[in-house]
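# Breakdown of the fold
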Amino acid sequence: MVSSGAVAAGYTKLQLSRDTIENKQALAAIGQPILMKKYAKKFEKENIVVAQVLVTAANLQKTDETKRVRNTIEKLLQNNVVPIVNENDATATEELVVGDNDQLSAYIAKILQANLLVILSDIDAYYSKDPRVHNDAKALKTVHTIAHNELEKTVTPNNTFATGGIVTKLKAASYLLEHNIDTFLSSGFVLDDVKNFLLSNNQTGGTLFTAKQI
């Protein structure tokens, strides 16, 4: 599981401006234990142990380091522990940063040779056009290719603490399409569609990005 929220969690304790990397790193350092405490409490109800796995862009660029990341996550999974992965914002440098959790999750999926990446978001699907602007926008059920110009559009996060928007999700899906790994994009607030897709193999909403012909 790749999760955002460290900076936002830190802001609840110390209201620093996010204009400088030093402030963001300080907020992340404050927020990481807060975030993990919340996850631990939620999973404890199901008798599931969670573990924090912090990575940097450098960890994802060298074969020996990606192998260590994979080995750690696989060992946790083998022991029924849920890894909570996040970028180590507190120590990342501005020149060497993944930048958003959509692409981080894609890199982790590739490292683990996963069958599927599920992105849960305030964006419930990929649309034919921007649904915030066009009333006739249609949710796309299945996407096999993503146009290059779609990947070059301006990133438009929906709230102060977000770093992505639909563009980073498309970049993540496009990266995984190149490696023959599927991505399913769905709402993280209304969970019916993702439950139907994962538990019943029934796609009632959301968008499946896949290189396979269905």
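An account of the accompanying structure is given in this report. Since we're looking at a predicted model, the values are computed, not measured. (Residues numbered from 1 in each chain as written. Predicted model: local features only at pLDDT ≥ 70, side-chain atom pairs only at ≥ 80, totals over all residues. Heavy atoms only, no water.)

### Quick notes on the packing of helix α3 (residues 63-78) against helix α4 (residues 101-112)
The test is simple: The axes used here are C-alpha line fits, helices contributing only the stretch in contact, and every angle between their N-to-C directions lies in the interval 0 to 180 degrees. Comment: elements are numbered from the N terminus, with helices defined as DSSP H or I runs of at least four residues and strands as E runs of at least two. Angles are sorted into four bins: roughly parallel if under 35 degrees, roughly antiparallel if over 145, roughly perpendicular if 65 to 115, and oblique for all others. Should any heavy atoms of two residues lie within 4.5 Å, those residues are counted as being in contact. Amino acid classes used here: Ala, Val, Leu, Ile, Met, Phe, Trp, Tyr, Cys and Pro are nonpolar; Asp, Glu, Lys and Arg are charged; the rest, including Gly, are polar.
Where α3 contacts α4, the axes come no closer than 9 Å and their chain directions differ by 80°. On the basis of their axis angle, the class for α3 and α4 is roughly perpendicular. Residues T66, V69, R70, I73 and E74 of α3 touch α4, and the partners they reach there are I108, I111 and L112. A per-class count over the contact of α3 with α4 returns 5 nonpolar, 1 polar and 2 charged.

### A closer look at the packing of aromatic side chains
Given two aromatic rings, one states the distance between the centres and the angle between the planes to describe the pair. Selection criterion: The pairing test for Phe, Tyr and Trp rings, Trp by its six-membered ring, is centres within 6.5 Å, and the orientation test on the planes gives stacked under 30 degrees, edge-to-face over 60, and tilted for anything in between. Only protein chains enter the area calculation, which uses a 1.4 Å probe; residues under 20% of their type maximum are buried, those over 50% are exposed, and those in between are partly exposed.
Enumeration according to the criterion identifies 3 aromatic pairs in this entry. Ring geometry for F184 against F197: centres 4.0 Å apart, planes inclined by 5°, an arrangement best described as stacked. Separated by 13 residues along the polypeptide, F184 in strand β5 (residues 182-187) and F197 in helix α7 (residues 192-200) bring together distant segments of the chain. The exposure class assigned to F184 is buried, which follows from its relative accessible area of 0%. Overall, the relative accessible area of 13% leaves F197 in the buried class.

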